[in-house]
Each structure stands twice: as structure tokens, then as C-alpha cells.
Amino acid sequence: MFDNVLYQPASEMLIKDISGGTLPNAVLFSGPDSSGKLTCALELARVLSCRAPGKEKGHWLCTCPSCLRHKALNTPDVIIAGPGDCTPEIKASGETLLNASVTNASWAKAAVYLFIRSVRKLTLRFSPVLWEGDDKASKAAPFLSTIEELLEEINPLEDLPEPDKLKKTVEAVIKQCSGLESSLMYDTVPVNQIRRAATWARMTSPESKKCIILENSDKMQDSVRNALLKILEEPPEDAIFVLTTARRGAIIPTILSRVRTYTFVERTAVQQAEIVSRVFHSENGKGGSEASVNGFLSSFLPVSYDEIKKEAVAFCNSLLTGKRLNLDEMVKSLNGFEPRVILKLFFEFVLDYLGHFLREDVDSEKLASRTEKSAEILEAIRTTYDNITIYNQSVVSALEALYERIL
């Protein structure tokens, strides 16, 4: 069990709870970004639905019909809701698959699964279960149809197409996925999706246990939290809810009291470099011999890590000096903050830079007032980020409001 969840003690706790029959129907996976929370959630869904007998149950190489569907994420019993940064992983997995094809690598079949799974981590967020009646559903349908047609050409149970044909297929899939994510992905979970997921979860599944994964569950509005609380009070026996977050402190206590938390740790640089090597078959990604998982995936963004940091520092300096930047030009230089992970990295750099600046060179007499001012500024920035990602305010408008508040 959980052979593909590396260097995380949480997997051992899950194995113990599954074996002992003490796993609850609502759990929270809490830990840093790129620590394997979604991978573990998907693996949990597979293990709980595995039909193999006895000690063989849940083995990664199990060939029962349920496990084969789950490994390709081609199952009707798993849905994912919530925002996610899928495109970088899809591009990284696509490169891995193409390299395997060109070199006729022994791990080519694993690369096929890696690519297909990375794509379906995105498409599962557009399940008809969640999107029925949504105005965006009709716009998502052509993307989803085209993606599935293209994936039929990459079957893990058959030989790969010729490298040139495979390259065209992979590039076409990536293009469709980028369009789907950038134009239709919600930045938070709409309340109607929670209600539909709750109704779906109560429907008995004759073959396997249903799994509802709510990614970035800290990014929920009050109405969504209330709807989620109702289902978590008495979760259906035939379903499991898996919430994930990188900010457990942002989850309200009433939800925390209804879930069991499994903590994911920040893996060491060496461990992360090994994960990049084992999963993507890249010895150093594009970021050094001890590349982090985040750093490796970020290398597939349309804007470089250094460029994002440069623009973040320029923005910080404009706040500190009162000299406003041309925000439209800045947003354009950062590819309109698409995919959304660029926005996340930008704000991380802003918080880090300002945090260091506001703590520097302060004498004891000014410490109290500087500390209070620092807290106000950092809170204003966090509020700005939430206004963009949760309340769908435009980036330029939100940053303009931040200027007004701070200056």
C-alpha cells in the first residue's frame, strides 16, 4: 500500500488505520505544497476499492479491474473539487513520456501512467457530478471530449505510437489542458459543487467506495463551509471525504473537529531530488542536483522563477517608495498570472521580501511600532491574495486597492 507516497509518515498511519478498520469517513491531509497529499488521496481511494483478497489488497501492482481503473484515474467513483495547479505537472509528465519513447526506456509504461494521471488530476475536477447545471459546463465539454479522444491514442496496455506521432498527441493534450485550466478552473469550490458532491456521495456504489477529494480546502467561503459541515456531521458509509490543505490553521474548528488529520512533512532537499529522479526520471530537473519538487515543476511554467521573483521585488520596492508600477505591464510580463501557480509564487516572494525588510535595522524604541505596522502590511497582502483567489477580484484591481491601503 502507498508505495508511490514517498517519505511521508502519514502513509504508515493510514495503513495502520485501514488494517485496523479504524479509518474514518472524513480525513484531512495537511502539509506543504508538493508533499504528496493529492497522490496519497488518490491512492487511498484505490486501496479502499481494491478487490484483491487478504494481504494482496492494495498492492500497487494489483491487476484487479478496480485497481486498473484507479491507476489510470478512469473511474466513476472518484471526483476532485477545488483549485489546483495542474499544468506544470502535465508538462513535466509529458516530457518524461516523450523521453521514454525516444530512448525506448524500460520505464515507458510507468511514464504513460504518469502522464495520463497528471491529465486526469485536472479533468476529474470537471466531473458532470459537480458541474451539472453550471454555465461553464458547456464550455468545458469540448476540452474534455478532445482530451479523452487524444488519450485513447496513449493506452498503457498497448505499445506506444511512434515518437513523432506521440509528440504531436502529447503537445495537443497539453494545449487542451492549458486552455481548460486557465479559462474555466474555479479559484475556490462553489457551494453548488459541495451540495452535488454530497448528494452523489449518498448514492450507493455497487462496486467500490466513493471518494470525494477537496483540494485546498482552506480556500472556502462561509456558504461552502456550512454546506460541507452538514455532510461531515454524518458522512455516508459508502464514501470517504479527503480534504487537503497547506494551511491547517485556516480551517475552521468546526470542520477540524469532524475530520482526522494526517500530517505531511516537508521532505529534505535530497529526498525531493530523489523523488524528481524516480518519478520524472530527471537527475536534476532544471534546478540543480538537489532540485525541490516545486522547483522542478516550476521550471515548466511559461515565466521563469527568476522573472517572477524580479517582478515581485520591483512591486515591493514600489510599495516601500510610493512610486507606482504600471500594473497592466507587470501582469502582462507574468503571462497574466496563468497558470495560477505564478500568482501564488509572486505573493510568496512578496511576503518573503517585505517580511525581511520590515524586520531589518530596527532599534528597540521603534520595534513596537514597526512590528505593528509590519503585521498590518502583511495582513493586507494576504487579504489581497484571498480577494483574487477566493473572491475572484481582478489582479490589477486588487493590487491597486493594495496600493491605496498601504500608501
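Going by the structure above, here's the rest.
In short, a report on the structure. (Residues numbered from 1 in each chain as written. Predicted model: local features only at pLDDT ≥ 70, side-chain atom pairs only at ≥ 80, totals over all residues. Heavy atoms only, no water.)

**Description of the packing of aromatic side chains**
Scanning the model with the defined rule gives 12 aromatic pairs in all. Aromatic pair Y305 and F349: ring centres 5.6 Å apart, planes at 85 degrees, arrangement edge-to-face. Residue Y305 is located in helix α14 (residues 305-321), and its partner F349 is located in helix α16 (residues 341-359); the two are separated by 44 residues in the primary sequence. Under the relative-accessibility criterion, F349 is labelled buried at 16%. Plain terms: the ring middles of F346 and F347 are 5.6 Å apart, the flat faces sit at 80 degrees to each other, and that makes the pair edge-to-face. Residue classification places F346 among the buried residues on the basis of a relative accessible area of 0%. Residue classification places F347 among the buried positions, given a relative accessible area of 4%. These aromatic residues form a ring-pair network of at least three members: F315, F337, F346, F347, Y385 and Y403. Above the ring of Y113, the side-chain terminus of K71 is found at 5.7 Å from the ring centroid. Its end group placed over the ring of Y186, K136 keeps NZ or CZ at 4.2 Å from the ring centre. (Phe/Tyr/Trp six-rings, centres within 6.5 Å; stacked < 30°, edge-to-face > 60°. Helix = DSSP H or I, 4+ residues; strand = E, 2+ residues; numbered from the N terminus. Buried < 20%, exposed > 50% of the residue type's maximum accessible area, 1.4 Å probe, protein only. Lys NZ or Arg CZ within 6 Å of the ring centre and 35° of its normal.)

**Section: the packing of α14 against helix α18 (residues 395-406)**
Following both chains from N to C, one finds α14 and α18 inclined at 35 degrees, their axes separated by 9 Å at the closest point. Taken as a pair, α14 and α18 cross one another with a handedness that is right-handed. Residues F315, S318 and L319 of α14 lie in contact with α18, whose contacting residues are L399, L402, Y403 and I406. Of the residues assigned to the contact of α14 with α18, the class counts are 6 nonpolar, 1 polar and no charged. (Axes fitted to C-alpha atoms, helices over the stretch in contact; angles between N-to-C directions. Left-handed = near helix turned anticlockwise from the far one by under 90°. Contact = heavy atoms within 4.5 Å. Nonpolar A, V, L, I, M, F, W, Y, C, P; charged D, E, K, R; others polar.)

**Some points on the side chain of R120**
Inspection of the secondary structure assignment puts R120 in helix α5 (residues 108-123). Polar side-chain contacts of R120 include one of 2.8 Å to the backbone oxygen of A72. (Polar contact = N/O pair within 3.5 Å; in protein donor to acceptor, adjacent residues only side chain to side chain.)

Don't take any of this as a statement about function, it's just geometry.
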